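# Inside the fold
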Amino acid sequence: MKGLELIREAISLKETERAPWVPFVGVHGGFLVGVDAETYLKSAELMTRGISKAVELYQPDGIPVVFDLQLEAEILGCQLRWSDTNPPAVISHPLSEGKKLGDLSLPKPEEGRIPVVLQTTRNVRAKFPELAIYGLITGPFTLALHLLGTDIFMKLYEAPGEVAEVMDFCTRVGLKMSEYLIDAGCDVIAVVDPMTSQIDPDTFEQFVSPYATRIFSFIREREKLSSFFVCGHAQQNIEVMCHCRPDNISIDENIPLDFVKEVALREGISFGGNLKLTVVLLMGSEDDARQDALSCLDLGGNRGFILAPGCDLPMETPPSNVQAVAGLVHDPYQREIARALDSNGNRLEIFNMKDYGQSDKVIVDIITLDSESCAPCQYMVEAVKKIAPHFEGVVEWREHAIKRMEAVTFMSSLMVKNIPTICIDGKIAFVSKIPPQNLLIQAIQKRINEKLRLKIKSKHSEILILGESQESCRELNERVQRAITELGKEITVSVVADPAQMASFGVTKGPAVVAVSYRLKSEGTEPSLEVVKEWIKDL
């Protein structure tokens, strides 16, 4: 059975001979032909070559033409920051910077990089007539966020009518883009809306469902197939996604595949996912890739399931890892071998983070896939960058993109399970939800206040006045008390009139003064042996 036919069978919820395989080759195609991401995404000839090479190496049943959620935004006036290894990132938001919605018009097929995508689609359609060609459009909520910026989350409650108008416009953009891609030869239109992971089901039903449903209805009218792509911790929205009536939903590793299978099949919808992008495909071995693929295939089964990565492949994903998945998909014997072997897994060294966050500054760690390629990650990083000037010199923030193994280790050491996540001084604070500015400021300020209280406690001091008798220490005691009063300090003063205690301090003649400073080292925790040793060394 050929690829397009197999995908049609799976989406129709028929039992298939095997699960279809759709590697999401985005800018990874540029890596296969030796050019950077920007050069690749601006050339129909290079994109055709990259997709052709991916088809040759990975034996897919379907493949996307391009994976770029900034294509429409660029035409609508968003400025982009280009990268050598990722799709571009949106860095400006016209509707929050003075432009009016009426100033914007629907993209025309000759505008921006649309001609490049449409020509690539026609080329791939002609070259691979039996392959399912996926055309990807930016989902209306994600496009609305590109236009409004993170202000959209506040406007959901304060100006819902304004958001509805923007969503209607973004839906009309999606309908136009779907039309162009279908006319160019796409078989499946995927609505990619990762920012919906940031809202709850009620908000989804109000601000996403009516608009996404219009797009899926249009695709069905054109007798093509549709898919609803989401990434991030969007488990709570799987059911409402299904109610939008796409033909398929596709998810990443943040959502358990068995959960999605249960909900999707109950709703009569096919499902796809959720190979691990970074830990396995990018940084793992071929055996890791086989084991992860086998796990997905066993969970997904042969009814309604399409095997795919959780998102577009990182550019420098080793082709051998993706080929290992392809081999497993097409060869039952390889699947049996993989079942017989123990997974090598990812034996990470887990750091001892019990005492993390003890520096004077508050450390804000943002664990992401990569803010240059993942829209929710980008906007979570931007949320932190936006409020950082409020705490200049007090707060330090860092991004940990798990495309690097040291970031994976850091993520595991902090017990972070979902991305993107914000941690404050090593404590998980915001999971897969971009916090409103006021809540993020409150959370950081709360930690600053906690540290200030600890610092005040740590400065507790005591003065001991040593002498042979109380009378011999009286005058010195009065001077010390006056000095404390004039300085406004809170210091405990104790008079010790005991020759034995004087001797224990090495004092042979009174009166004498011993200044003692107490520094709080820990509170509400049991520090490790190594940490206690370091404290003792300082004494």
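Small disclaimer: the values here were computed from a predicted structure and weren't measured.

Per the counting criterion, the structure on display carries seven aromatic pairs. With centroids separated by 6.1 Å and ring planes inclined at 50°, the aromatic side chains of F24 and F67 adopt a geometry described as tilted. Of this pair, F24 sits in the loop between α1 (3–11) and α2 (28–33) while F67 sits in the loop between β1 (62–64) and α5 (71–75), and the two are 43 residues apart along the sequence. Residues F24 and F67 agree in their burial class; the two are buried. Note on F67 and F229: the rings are 6.3 Å apart at their centroids and 35° apart in plane angle, and the pair reads as tilted. Of this pair, F67 sits in the loop between β1 and α5 while F229 is found in strand β6 (residues 225–229), placing the two residues 162 residues apart along the sequence. Judged by relative accessible area, which is 4%, F67 ranks as buried. In textbook terms, an aromatic cluster arises when at least three aromatic residues are bridged by ring pairs, as seen for F24, F67 and F229. Here the guanidinium or amino end of K42 rests over the ring plane of W82, the centre of that ring lying 4.6 Å away.

Taken in spatial order, the seven strands line up as β1-β4-β5-β6-β7-β8-β9 in an open sheet, and their pairing is parallel. Both outer strands of the open sheet, β1 and β9 (305–309), are each paired with one neighbouring strand and no more. Within the sheet, the average angular offset between the axes of one strand and its neighbour, ignoring direction, is 25°. By the bridge criterion, five bridges tie strand β5 (residues 188–192) to β6 in an arrangement that is parallel. If you follow I189 over to β6, its bridge partner there is S226. Against the sheet, α1 contacts β1, β4 (132–138), β6, β7 (248–250), β8 (270–275) and β9, and its axis sits at roughly 115° relative to β9. Contacting β4 and β5, helix α9 (residues 160–184) crosses the sheet at an angle of about 160° to β4.

The next thing to look at is the sheet that holds strand β11 (residues 395–401). Spatially, the four strands line up as an open sheet ordered β11-β10-β12-β13, and their pairing is mixed. Edge positions in the sheet fall to β11 and β13 (427–431), since each has one partner strand and no second. Going across the sheet, the axis of each strand differs from the next one's by a mean of 25°, ignoring polarity. Helix α18 (residues 375–387) contacts β10 (362–368), β11, β12 (421–424) and β13 of the sheet and is inclined by roughly 165° relative to β10.

On the surface, M415, I428 and V431 cluster together into a nonpolar patch covering about 250 Å² of accessible area. Topologically, M415 is positioned in the loop between α19 (405–413) and β12. According to the relative accessible area criterion, M415 is exposed, its value standing at 52%.

The next thing to look at is the side chain of E267. Note that E267 resides in the loop between α13 (257–266) and β8. In this structure, E267 is buried with no salt-bridge partner, the nearest side chain bearing the opposite charge being R245 at 4.1 Å.

The tally for this structure, following the rule as stated, stands at five cavities of 30 Å³ or more. Considered as a void within the structure, the largest cavity measures approximately 220 Å³ in volume. F67, L69, P194, C311 and S373 are, among the 24 residues lining the largest cavity, the residues nearest its centre. The residue makeup of the lining of the largest cavity, split by class, is 15 nonpolar, six polar and three charged.

Mapping V431 onto the fold places it in strand β13. In this structure V431 comes out as partly exposed when scored by relative accessible area, which is 32%. The spacing of V431 and V416 is 15 residues in sequence and 8.5 Å in space, taken between C-alpha atoms. Look past the residues within four positions of V431 in its chain and what remains in contact with it is N418, P420 and T421.

Per the counting criterion, the structure on display carries 27 salt bridges. For the salt bridge of E56 with K53, the shortest nitrogen-to-oxygen distance reads 3.6 Å. Of this pair, E56 and K53 both sit in helix α4 (residues 44–58), three residues apart, which is roughly one turn of the helix. Overall, the relative accessible area of 55% leaves E56 in the exposed class. Taking the shortest distance from any N to any O, the salt bridge between K386 and D151 comes out at 3.8 Å. Taken together, the positions of K386 in helix α18 and D151 in helix α8 (residues 151–158) put the pair 235 residues apart, joining distant regions of the chain. Under the relative-accessibility criterion, D151 is labelled partly exposed at 25%. Taken together, the shared-partner salt bridges in this structure form one network comprising D68, E74 and R113.

The rules behind each value
- Residues numbered from 1 in each chain as written.
- Predicted model: local features only at pLDDT ≥ 70, side-chain atom pairs only at ≥ 80, totals over all residues.
- Heavy atoms only, no water.
- Phe/Tyr/Trp six-rings, centres within 6.5 Å; stacked < 30°, edge-to-face > 60°.
- Helix = DSSP H or I, 4+ residues; strand = E, 2+ residues; numbered from the N terminus.
- Buried < 20%, exposed > 50% of the residue type's maximum accessible area, 1.4 Å probe, protein only.
- Lys NZ or Arg CZ within 6 Å of the ring centre and 35° of its normal.
- Pairing = 2+ DSSP bridges.
- Axes fitted to C-alpha atoms, helices over the stretch in contact; angles between N-to-C directions.
- Contact = heavy atoms within 4.5 Å.
- Patch = residues over 30% accessible without salt bridge, like charges linked within 9 Å, V, L, I, M, F, W, Y side chains within 5 Å.
- Areas by Shrake-Rupley, 256 points an atom, 1.4 Å probe, with all protein chains shown as cover.
- Salt bridge = Lys/Arg side-chain N within 4 Å of Asp/Glu carboxyl O.
- Lys, Arg positive; Asp, Glu negative; His and termini not counted.
- 1 Å grid on protein atoms, 1.4 Å probe; cavity = no way out; pocket = protein on both sides within 12 Å on 5 of 7 lines; lining within 4 Å.
- Points joined across faces, edges and corners; volume = space filled by probe spheres on them.
- Nonpolar A, V, L, I, M, F, W, Y, C, P; charged D, E, K, R; others polar.

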